[in-house]
Structure formats: structure tokens, C-alpha cells
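Now for the letters of each chain:
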Amino acid sequence: MTKPQTLQGFRDFLPNEKRKRDWLVKKIVKVFEQYGFEPLETPTLEYASVILGKYGTEADKLVYTFKDRGDREIALRYDQTVPTARILAQYSQQLPKYFRRYQIQNVFRADKPQKGRYREFTQCDIDIFGSTDPISDAEVIACTYFAYKNIGYPTLKLKINDRSILFDKLQKFATEKISVLSIIQSIDKLDKITQDQVINELNRKGLSLENTATALETIKNATLSSNLSEIITLTEKLGVPTDDILFTPTLARGLDYYTGMIYEVCVPEYGANSLGGGGRYDRLIGQIGGIDIPAVGIAFGFDRMVEAAEQLKLITTEN
């Protein structure tokens, strides 16, 4: 007789828990639609060629891949950004030039399960496609801020940076042994592991200890780019308090496809873990379908949002 149990990193949601999650979804979608975002869904499975090679070597290791009965290489959805980039390339003649979409579906990662991290989890995405104007970046950030506020988190902090700052400051440290993207992937771990551990990782990758120390110091002392300064100004004009926007030059966002502004959402009362992250990725759609469509967006960490809302006693399923 088979023992009834879920796979490690996967979960069931009984009625009480499902109602809590539905409550959060309603709160989030209300703000998404106020900002003019339209709903979208994509399949759970994609061709592996669509998914792989877009996130970076380390992230690719977490993609679930297999061959189907037709001997095709298949992958489970790792995030919603890459499948939506495929949508933009595939349906470019049917969608408006300036397309705003939201998507709430499950994604899958062969990660080590731990508190707030699962192998199947829900993401809530918003993205604006077709615009390079900084107002699009600002609108995505503002919509994010007020969607989280609508749930009732007492304090919100938006950590923000610009990938161009990272490339500009770190390119000179790249060698044949270690690329600038690999350096960025390690720096992205500064809020997850100790600085000494990051230094050791970069050293193992081939960066000398002297250059590692210099690279970290260079990034920590970086200043705002003109692009990021304009985005922050526009975000403040859209109602996001200045004190809640934190320029964080060490913020890296480990995925390779980011090209400009990047940001993460934090609720201090919940702890140091990010509750969402995103940014600008202007070349991803062209990489998939050969059509250059600029884009900016974010993925909310829905499961962590639920945990934070429960911890702070914000959920009221009666209404």
C-alpha cells in the first residue's frame, strides 16, 4: 500500500489555507487592474529550448527538464517572464504595441526546500512591454508598492539599483576565468550569505582575493546613474514615499536577462528575505523570437507574502 504523502517541496492547501491565499490574490489583482494590467496565462510545460539559457548557468541547474513520449526536450515553467517573452514573440501581431499584463500561476524549481522556499510556488507578475520610457519603470514600481500596501504590510522598503552600474563598475574585473555576469551572480548573494563567503566563492571562480576586495568596495561606493535617478523621481511623483525607496548598489538580481533598473521588495517586520523582485529586461524577447520588444516587470513572491501576512495577522477571510 502506498503511503499518502506529498513530494518534498510541494504542498496541498486545505480549505482554510486556500481561502487565505484567495484573499491575498483579490487584494493584489484589485491594484493590478487599477493600473491597467490585463490577465494572462501560459502552459505549465514549455520546450526546454525556450526556458534554458535565459537565466544563467546556476539558475538553469534548477530547471526541471525531461523528455516526453515524443522524445521532445520539455521543461517545467521556471518563472513567468520567459514564457511571456515567448508569448510576445509568438503573438506579436495580435497584441497591442504597448502591452501591460499580469499573471498569477505556479512555477517550479529544483531547489533545496526551506522556510519560504518551495519547489512549486506561486508567482504574481506584472510587466509593461514595448516601452523604454522611464515612466514605465516607475509605474511598475508604484503598482508593486501599492499592491503590497493594499494587503496591509505596516512597512515596505523598495531596494533599487541599475544593472548598468554593476556592468560599468565590474567589467574591468572580468577575466577569461570569470565573466562579469558570474561576478554579479556572486554579489547577488551578499544579502543571503556572509561577505567572506561571497569573497571565497569569487576566489574559487578565479578572481584574485585582491581584485575581489576591490570589486566589492567599488560596488559599495557606487552612486546613482542618471537613468535610475530619473526613475526614482518619477516613482516619487506617483506617490511612493521617498523614505521607502532605498538605493542599494550591491543589489544584483542574479538572473542574466536584466539590462537596466532592478529592484526588490522587503517587509522589515518579516525579516531580511525579499518578498518580490524584478527590473528591466530589454533583450529577452529578441533572444527568444528575434523580435526586439523592451520590457520591465516584477515577480511577487506570493508564498512569502502569505507567510508574512499570516505572521503579521493581516488576513481577514470574512470579507
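Quick notes on the rules
Here, residues in each chain are numbered from 1, in the same order as that chain's written sequence. Selection of residues for local features in this predicted model requires a pLDDT of at least 70, selection of side-chain atom pairs for listing and counting requires 80 or more, and totals for whole chains, interfaces and linings are taken over all residues. Side-chain calculation: all heavy atoms of the structure are included, whereas hydrogens and water are not. In short, DSSP must find at least two bridges between two strands for them to pair. Only DSSP runs of H or I with at least four residues qualify as helices, and only runs of E with at least two residues qualify as strands; both kinds are numbered from the N terminus onward. Contacts are residue-level and defined by heavy atoms, with any inter-residue pair within 4.5 Å sufficient. Lines fitted to C-alpha atoms define the axes here, with helix axes fitted over just the stretch in contact, and angles between the N-to-C directions of these axes take values from 0 to 180 degrees. Helix span, as expected, comes to 1.5 Å for every residue beyond the first. Only protein chains enter the accessibility calculation, which uses a 1.4 Å probe; a residue is then buried when its area is under 20% of its type maximum, exposed when over 50%, and partly exposed in between. Directions drawn from the helix axis to the C-beta atoms are what define this arc. Among the buried residues, those of types Ala, Val, Leu, Ile, Met, Phe, Trp, Tyr and Cys that are joined through side-chain atoms within 4.5 Å form a nonpolar core. A score from 0 to 100, pLDDT tells how confident the predictor is in each residue. Salt bridge, as used here, is a side-chain nitrogen of Lys or Arg placed within 4 Å of a carboxyl oxygen of Asp or Glu. Crossings are sorted by hand: turned counterclockwise from the far helix by less than a right angle, the near helix makes the crossing left-handed, and turned clockwise it makes it right-handed. Three residue categories are used. Nonpolar comprises Ala, Val, Leu, Ile, Met, Phe, Trp, Tyr, Cys and Pro, charged comprises Asp, Glu, Lys and Arg, and polar comprises the others, including Gly. Whenever a nitrogen or oxygen atom comes within 3.5 Å of another N or O atom, the pair is scored as a polar contact, on the condition that within protein one atom can donate a hydrogen and the other can accept it, and that pairs from neighbouring residues in sequence are kept only if both atoms are in side chains. Whether a set of points on the 1 Å grid over the protein atoms alone is a cavity depends on a 1.4 Å probe fitting there but being unable to get out, while an open set qualifies as a pocket with protein on both sides within 12 Å along at least five of seven lines; lining residues are those with an atom within 4 Å of a point. Grid points are joined across faces, edges and corners, and a volume is the space filled by probe spheres set on the points. Stacked, edge-to-face and tilted labels apply to pairs of Phe, Tyr and Trp rings (six-membered ring for Trp) whose centres lie within 6.5 Å, assigned for plane angles under 30 degrees, over 60, and everything in between, in that order. Charge-over-ring placement is defined geometrically: NZ (Lys) or CZ (Arg) within 6 Å of the ring centre, and within 35 degrees of the ring normal.

Caption draft 1: Structural view of the pairing of strand E7 (residues 157-162). Relative to strand E9 (residues 261-266), E7 is paired through six bridges, and the arrangement is antiparallel. Among the inter-strand pairings, Asp162 is bridged to a residue of E9, identified as Met261.

Caption draft 2: Just the sheet that holds E7, in detail. An order of E1-E5-E6-E11-E10-E9-E7-E8 is seen for the eight strands of this open sheet, with the pairing classed as mixed. With one partner strand each, in any of the chains shown, strand E1 (38-39) and strand E8 (245-247) form the two edges of the open sheet. Across the sheet, helix H4 (residues 81-90) is in contact with strand E5 (99-108) and strand E6 (120-129); its angle to E5 comes to roughly 135°. In the packing of helix H10 (residues 226-237) onto the sheet, the strands contacted are E7, E8 and E9, and the crossing angle to E7 comes to about 150°.

Caption draft 3: Inspection of helix H9 (residues 209-220) at higher detail. With twelve residues, H9 should cover 16 Å at 1.5 Å per step; its first-to-last C-alpha distance of 17 Å lies within 8% of that length. Taken together, the buried positions of H9 are occupied by Thr212, Ala215, Leu216 and Ile219. Along the axis of H9, the buried residues cluster in a sector spanning 95°; they form a single face. In this structure, the buried side of H9 is in contact with helix H6 (163-170), helix H7 (180-187) and helix H8 (195-205).

Caption draft 4: View of the nonpolar core. Core analysis: the largest hydrophobic core is formed by 46 residues, its most contacted members being Leu24, Phe32, Ile151, Tyr153, Phe300 and Met305. Element by element, the count of residues in this core is highest for helix H5 (residues 134-151), at eight residues. With 43 residues, the next largest nonpolar core counts Leu88, Ile187, Leu207 and Ile293 among its residues.

Caption draft 5: Region of the structure containing the confidence of the model for the protein. Averaged over all residues, the pLDDT of the protein is 91; the fraction at 70 or higher stands at 99%. Across the protein, the element-wise mean pLDDT spans from 82 in helix H11 (residues 284-289) up to 98 in H5.

Caption draft 6: Structural context of the pattern of salt bridges. Taken as a whole, this structure holds 19 salt bridges when the rule is applied. For Glu58, the salt bridge identified is with Lys189, shortest N-O distance 3.3 Å. Here Lys189 lies in the loop between H7 and H8 and Glu58 lies in helix H3 (residues 57-60), a separation of 131 residues in the sequence. Overlapping salt bridges, with partners in common, bring together Glu58, Lys189, Glu201 and Lys205 in one network.

Caption draft 7: Region of interest: the packing of H6 against H9. Contact geometry of H6 with H9 gives a least axis separation of 10 Å together with a crossing angle of 145°. As for how H6 packs across H9, the hand of that crossing is right-handed. Taking contact as the criterion, the partners of Leu166, Lys169 and Leu170 in H6 are, on H9, Ala215, Thr218 and Ile219. The residue makeup of the contact of H6 with H9, split by class, is four nonpolar, one polar and one charged.

Caption draft 8: Seen up close, the environment of Thr259. Relative to the assigned elements, Thr259 resides in the loop between E8 and E9. In this structure the C-alpha to C-alpha distance between Thr259 and Ile51, which are 208 residues apart in sequence, comes to 18 Å. With sequence-adjacent residues up to four places away left out, Thr259 is seen in contact with Arg163, Ser164, Arg280, Tyr281, Asp282 and Arg283. Here the side chain of Thr259 touches Asp282 through a polar contact of 3.1 Å, landing on its backbone nitrogen.

Caption draft 9: Just the layout of surface pockets, in detail. When its volume is computed, the second largest pocket comes out at roughly 150 Å³. Contributing to the lining of the second largest pocket are Leu88, Ser92, Gln93, Leu95, Pro96, Lys97, Gly130, Ile291, Asp292, Ile293 and Pro294. Along the lines of polarity and charge, the residues of the lining of the second largest pocket split into six nonpolar, three polar and two charged.

Caption draft 10: View of the pairing of strand E11 (residues 295-301). For E11, the tally of buried residues reaches six of seven residues, placing the bulk of the element in the interior. Relative to E11, strand E10 (residues 274-280) is paired through five bridges, and the arrangement is antiparallel. Paired with Arg280 across the bridge in E11 is Val296.

Caption draft 11: Examining unusual backbone geometry more closely. You will see that Asp71, though not glycine, has its phi angle at about 65°, which is positive. For Asp71, a relative accessible area of 53% translates into the label exposed.

Caption draft 12: Layout of the packing of aromatic side chains. The final tally for this structure, using the stated rule, is ten aromatic pairs. Relative to Phe129, the ring of Phe99 has its centre 6.1 Å away and its plane inclined at 20°; by these criteria the two rings are stacked. Linking Phe99 in strand E5 with Phe129 in strand E6, this pair joins segments that are 30 residues apart in sequence. Judged by its relative accessible area of 6%, Phe99 falls in the buried class. Residue classification places Phe129 among the buried positions, given a relative accessible area of 0%. Pairwise contacts between aromatic rings join Phe32, Tyr102, Tyr148, Tyr153 and Phe300 into one cluster. In this structure, Arg11 is placed above the aromatic ring of Tyr118, and the distance from its NZ or CZ to the ring centre is 3.5 Å.

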